[in-house]
Amino acid sequence: MFCLFKARAAFSGWLLLAVATVLPVAHAQAPQAPVIAARSYLLLDITANQILAAKDIDSPVEPASLTKLMTEYLVFDALKAKKIDLKQTFGVSERAWKMPGSRMFIDPKMQVPVEDLIKGMVVQSGNDATMALAEGVGGSAERFVEMMNTQAKALGMQSTGYKNPEGLTEPGHTTTARDLSVLSMRLMQDFPDYIGYSAIKKYRYPGTPAANDTNRNTLLFRDPSVDGLKTGYTQAAGYCMIATAKRDFPNLGASGAPGGRRLLAIVLGTASDSARISETQKLLNWGYTAFEAVKLFDAGQPVASPEVWKGKSATVKLGQPQAIVVAVPAGSSAKLKTEVARPEPLVAPFTKGQRVGTLKISADAGASVVAEVPLVVLESVEEAGIMGRAWDAIRLWIK
C-alpha cells in the first residue's frame, strides 16, 4: 500500500542523473524557449537535474569532435585506475602522425607525456593526439573503439555507436543529444580531478605552431561562467558545441549561502562557428533568466520521518545525501508543492541508502509534476528485539 504525504518545502549542490529522474518542466505556463538555429539542441539544468528546453534530442546525429568526450572518459578512467599516469610518455605512430583534420602537430620522432596529449586533444582538438592516446590506452585504435562502445552501453547511451576515437565521418558513427548529455554529466561527475582541462584557453606543445594554441570553445573567452566542454565540426555534422556554465545564486549553498547553479547546453548542426557560439550563449542566458533554481532541502536533511514498525527506532529519516533542488519558471517558487509517496506500513529493518518512497514536486496545486526525487534512508534502523517485534505485530493486526 502506498500513501501520499505533504512535505514541507524549506527554501546547492548537484542532483545527479543517478539520483533523480530528468523531467522537462511540465508547468502549464513554462517559459517559451528561444528560437535556436540548430538541427537539435538540449538545455539541462544540472543542479536541478531537469531538461529546460529540447529539440529532436533522440534524432541520430554525427558527433564530429564531440566524440573526443568519450575518448576523454576512457583516458581519465585509466588515470583514475592508475593504469597510466600523466607524466608517462606515449609514442606517436605513423597512423597518429598522418591523421587528417585538426592537429596538435606531433610526429613519430616524439615521445609525448600523457598530460600534453590530453591538452592536445581537449584544447586543440588534435586528431593526432587523440589517436596517440587511443593507441596508448587501448593497445590499438580498433580495441579502443570497442572500449568506447562498451562504455557507452554501460553509461546507458543506447543510441550511440562509435567507429573511431576522434570523430571523423564514418558510416554508423552516430549519437544523439540525449546521449551526449549523459556522457557530459558522467564525465564531470566521475572525473572532477581531470575535467578542468576543458577550461584551458590556450595551449601548444613545445616546437609546434604558435598559431595553433587557442581553444575552439570561444565562450571560454566571452563568458567567465563557462568552463567547458567541447566543440566539433565536420561537413556532415555541421558546427556543434557542448558548453557548461556555473553561476552563483543566493540561497543555493549550505546554510543559505550563495551557491553554484550549473547548466549544460548542447547545440548540434549549426551553420557556422559564430552561429554555434551565439546559439549556445543564447540558450545558456535564457536558462538562467527564464528559470530559477529553488533549494527545497539541504543535503542530508530529512524530507519526512514516518513511523516504523518492529524497529529499534520509532521513525526512519528519509531524504537525499545531496541537496534537493528544482528549477521552476521565474517568479513561481512561492507556489511549489511537494508530496511524499511511500509504502505503508514501514516494517524494519532499513539500511542506510535504501530507497523508500519518492518526493513529487509540482509548480502549483493540481499542476503536473515538475520532478520526482527518490527518497532514501538517511540513518539505518535495526530490527527490534523479539518482544518489540511481537508487540508491534499485535498493534499492526489491531490496526
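The coordinates are above.
Now for a look at the structure at hand. (Residues numbered from 1 in each chain as written. Predicted model: local features only at pLDDT ≥ 70, side-chain atom pairs only at ≥ 80, totals over all residues. Heavy atoms only, no water.)

**What about the environment of threonine 67?**
- Residue placement: threonine 67 occurs in the loop between β4 (50-55) and α1 (68-80).
- Residue classification places threonine 67 among the buried positions, given a relative accessible area of 0%.
- Distance in space between the C-alpha atoms of threonine 67 and threonine 231 is 9.8 Å, their sequence separation being 164 residues.
- Those residues within four positions of threonine 67 in sequence are excluded, and the remaining contacts are Met148, Tyr162, Asn164, Pro165, Glu166, Gly167 and His173.
- Here the side chain of threonine 67 touches alanine 64 through a polar contact of 2.7 Å, landing on its backbone oxygen. (Helix = DSSP H or I, 4+ residues; strand = E, 2+ residues; numbered from the N terminus. Buried < 20%, exposed > 50% of the residue type's maximum accessible area, 1.4 Å probe, protein only. Contact = heavy atoms within 4.5 Å. Polar contact = N/O pair within 3.5 Å; in protein donor to acceptor, adjacent residues only side chain to side chain.)

**Things to note about the side chain of histidine 173**
- Secondary-structure assignment places histidine 173 in the loop between α5 (141-154) and α6 (177-190).
- Within the local environment of histidine 173, its side chain forms a polar contact with the side chain of threonine 67, the two groups lying 2.8 Å apart.

**A look at the packing of aromatic side chains**
- Counted according to the given criterion, the structure contains seven aromatic pairs.
- Their ring planes at 15° and their centres at 5.8 Å tell us that phenylalanine 249 and tyrosine 288 sit as a pair that is stacked. With phenylalanine 249 in strand β8 (residues 238-249) and tyrosine 288 in helix α8 (residues 273-290), this pair connects stretches of sequence that are 39 residues apart. (Phe/Tyr/Trp six-rings, centres within 6.5 Å; stacked < 30°, edge-to-face > 60°.)

**Thoughts on the pattern of salt bridges**
- Following the criterion strictly, the structure yields 17 salt bridges and no others.
- The residue arginine 247 makes a salt bridge to aspartate 223 at a minimum N-O spacing of 3.0 Å. In this pair, arginine 247 is assigned in strand β8 and aspartate 223 in the loop between α7 (219-222) and β7 (226-234), connecting sequence segments 24 residues apart.
- What makes aspartate 223 buried here is its relative accessible area of 7%.
- Linking glutamate 279 and lysine 282 is a salt bridge whose minimum nitrogen-to-oxygen distance equals 3.3 Å. Taken together, the positions of glutamate 279 and lysine 282, both in helix α8 and three residues apart, correspond to about one turn of that helix.
- Given a relative accessible area of 33%, lysine 282 falls into the partly exposed group. (Salt bridge = Lys/Arg side-chain N within 4 Å of Asp/Glu carboxyl O.)

**Considering the nonpolar core**
- Met70, Ile106, Leu117 and Ile118 are the most contacted members of the largest nonpolar core, which totals 65 residues.
- Elements with a minimum of two residues in this core: β3 (40-45), α1, α3 (114-122), α4 (127-138), α5, α6, β8 and β9 (259-270).
- When residues of this core are assigned to their parent elements, the largest contribution, eight residues, is made by α1.
- If you look at the next biggest cluster of nonpolar residues, it comprises 28 residues, including Ile36, Tyr41, Ala48 and Leu284. (Core = buried A, V, L, I, M, F, W, Y, C linked by side-chain atoms within 4.5 Å.)

**Overview of the environment of proline 302**
- Along the chain, proline 302 falls in the loop between β10 (291-297) and β11 (318-319).
- With 73 residues separating them along the chain, proline 302 and leucine 375 place their C-alpha atoms 9.3 Å apart.
- In this structure, proline 302 is in contact with Phe297, Lys317, Leu318 and Leu378, ignoring residues within four places of it in sequence.

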